[in-house]
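The chain contents come next:
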Amino acid sequence: MSLINMSALLKEAEADNYGVGAFSVANMEMVMGVIKAAEELKSPIILQVAQVRLPFSPLSIFGPLMLAAAKEATVPVAVHLDHGLDINTIKHALDLGFSSVMIDASQLPIEENIKIVKKVKDLAGSYEADVEAEVGQLAGSEDDSADHEMLYSRPEEVQKLYEETKLEAIALSIGNAHGLYKREPRLNFEILARARERVPVPLVLHGGSGISDEDFRRCIAGGIRKINVATDTFLSVERLVREYCKEERKDYFRMSAAMVQGAYESIKRHILIFQSDGKAK
Ligand code: 13P
């Protein structure tokens, strides 16, 4: 059990046709809520933190906490750096023992994206860690600081990236967006199908918060194996803390328990939709 490579989890998900939740965490209570849901439902999971969130959850403090939780868990857990933006931070995560990293160079032309992914792949290889990269660009942003223009992934670029880097997972832009959707998401399943035909590598859906259950199922049926969820978990934690604040009796530790519960409820719901429950080996 415990700490495992992302590629091993995604391989099993591929064989058994389910999705693995990659849940973003920001503090100890969220980590505890995620692990609690995964253990209760006997589900493999990926714990992740995005580079833009590190000012709030410093890697040198929070990374070892994530890894300790993974090692103690009774289910398989991969520990992942989400949206890595520079080599130094990626190397720091790998030095700590993260089992995978994402390099996000998707805003660059495909040739430059590939060049950077190759560099990260070489580096991660010496740690036996896995690499995820992205083709195309999602609307919104991971920390709500910008609203990027949405650019669909081009299946021929997905193939090129895979063939030239042999990385372990590729994130697609098919109409999904980071943060809260401004209107109902309309995913382009045609792009997913065309990318799937071209590469054997597990595909990743970012922007999981706000996607309907039916679309999640269609994505999984179409070859999505890793599904990132962040905003929904943060909102759930915040909601339960607000409820705690209305209570007569105030004490810090009840608030801490509310945070754990907030993460737990969101993660449990997603694990059941992704059908990874009962899949921990
Ligand atoms: P959401 O915040 O929209 O769930 O997106 C999460 C994500 O894709 C992190 O990389």
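Residues numbered from 1 in each chain as written. Predicted model: local features only at pLDDT ≥ 70, side-chain atom pairs only at ≥ 80, totals over all residues. Heavy atoms only, no water.

## A closer look at the packing of helix H2 (residues 28-40) against helix H10 (residues 252-274)
We count it as follows: Between the N-to-C directions of two axes lies an angle of 0 to 180 degrees, each axis being a line fitted to C-alpha atoms and, for a helix, fitted only over the stretch in contact. A run of DSSP states H or I qualifies as a helix once it reaches four residues; a run of E qualifies as a strand once it reaches two. Both are numbered from the N-terminal end. In this scheme, roughly parallel covers angles under 35 degrees and roughly antiparallel covers those over 145, while 65 to 115 is roughly perpendicular and the rest are oblique. Note: crossing handedness is left-handed where the near helix turns anticlockwise from the far helix by less than a right angle, and right-handed where it turns clockwise. Whether two residues are in contact is decided by their heavy atoms, any of which lying within 4.5 Å being enough. Following the grouping adopted for this structure description, the nonpolar residues are Ala, Val, Leu, Ile, Met, Phe, Trp, Tyr, Cys and Pro, the charged ones are Asp, Glu, Lys and Arg, and the polar ones are all others, Gly among them.
Running from N to C, H2 and H10 cross one another at 45°; their axes reach a closest spacing of 7 Å. By the angle between their axes, H2 is oblique relative to H10. Between H2 and H10 lies a crossing whose hand is right-handed. Where H2 approaches H10, its residues Glu29, Met30, Met32, Gly33, Val34, Lys36, Ala37, Ala38 and Glu40 are matched on the opposing element by Tyr252, Ser256, Met259, Val260, Gln261, Ala263, Tyr264, Ile267, Lys268 and Ile271. Its residues assigned to classes, the contact of H2 with H10 comprises 12 nonpolar, 3 polar and 4 charged.

## Thoughts on the nonpolar core
The test is simple: For the purposes of this section, nonpolar cores are sets of buried Ala, Val, Leu, Ile, Met, Phe, Trp, Tyr and Cys residues that join through side-chain atoms within 4.5 Å. The buried label goes to any residue with under 20% of its type's maximum accessible area, the exposed label to any with over 50%, and the partly exposed label to all in between, with areas taken from a 1.4 Å probe on protein chains only.
Judged by nonpolar contacts, the single largest core of 76 residues is most densely connected at Ile45, Leu47, Met66, Phe98 and Ile170. At 7 residues, H10 tops the list of elements feeding residues into this core. Excluding anything up to four places from it in sequence, Leu47 contacts Phe23, Val25, Val31, Val34, Ile35, Met66, Val77, Ala78, Val79 and His80. The next biggest cluster of nonpolar side chains, apart from the first, holds 12 residues, and it includes Leu9, Ile46, Ala169 and Ala171.

## Here we look at empty space enclosed by the protein
Using the following cut-off: Cavity means a closed set of points on a 1 Å grid over the protein atoms alone, one where a 1.4 Å probe fits but cannot get out, pocket means an open set with protein on both sides within 12 Å along at least 5 of 7 lines, and lining means a residue has an atom within 4 Å of a point. Grid points are joined across faces, edges and corners, and a volume is the space filled by probe spheres set on the points.
Following the criterion strictly, the structure yields 1 cavity of 30 Å³ or more and no others. Space inside the largest cavity adds up to approximately 190 Å³. Around the largest cavity, the lining comprises 19 residues; the ones closest to its centre are Ser24, Asp82, His178, Ala230 and Thr231. Broken down by secondary-structure element, the contributors of at least two residues to the lining of the largest cavity are strand S3 (45-50), strand S4 (76-84), strand S9 (224-229) and helix H9 (231-246). When the residues that make up the lining of the largest cavity are grouped by side-chain class, the tally is 5 nonpolar, 11 polar and 3 charged.

## Focus: the pattern of salt bridges
Rule in force here: Any carboxyl oxygen of Asp or Glu within 4 Å of a side-chain nitrogen of Lys or Arg constitutes a salt bridge here.
For the coordinates displayed, the defined rule picks out 17 salt bridges. When the shortest N-O distance is used, the salt bridge between Arg269 and Asp232 registers 3.0 Å. Here Asp232 lies in helix H9 and Arg269 lies in helix H10, a separation of 37 residues in the sequence. Glu238 serves as the salt-bridge partner of Arg242, at 2.5 Å between the closest nitrogen and oxygen. With Arg242 and Glu238 both in helix H9 and 4 residues apart, this pair spans about one turn of that helix. With relative accessibility at 52%, the residue Arg242 sits in the exposed group. Linked by salt bridges that have partners in common, Glu14, Arg196 and Arg225 make up one network.

## Focus on the site of the ligand
Our working definition: By convention in these notes, a residue is near a molecule or strand provided one of its non-hydrogen atoms lies within 4 Å of it. Contacts described as polar in this section are N or O atom pairs within 3.5 Å, which, within protein, must combine one atom able to donate a hydrogen with one able to accept it, while residues neighboring in sequence count only if both atoms come from side chains. Surface exposure here means Shrake-Rupley accessible area, sampled with a 1.4 Å probe, where a residue is shielded only by the protein chains that are shown. Whether a molecule lies in a cavity or pocket depends on its atoms, and more than half of them have to be within 2 Å of the grid points.
Taken together, 13 residues are adjacent to the ligand, and Asp82, Gly207, Ser209, Ala230 and Thr231 come closest. Contacts to the ligand include Asp82, whose side-chain N or O atom sits 2.6 Å from an oxygen atom. Between an oxygen atom of the ligand and a side-chain N or O atom of Ser209, the distance comes to 2.5 Å. Relative to its unbound accessible area of 310 Å², the ligand is 98% covered by the protein chains. A molecule is said to occupy a pocket when more than half its atoms come within 2 Å of that pocket's grid points, and by this definition the ligand occupies the largest cavity. Of all the secondary-structure elements, those providing two or more residues to the shell around the ligand are S4 and S9. Class assignment for the residues of the shell around the ligand results in 3 nonpolar, 9 polar and 1 charged.

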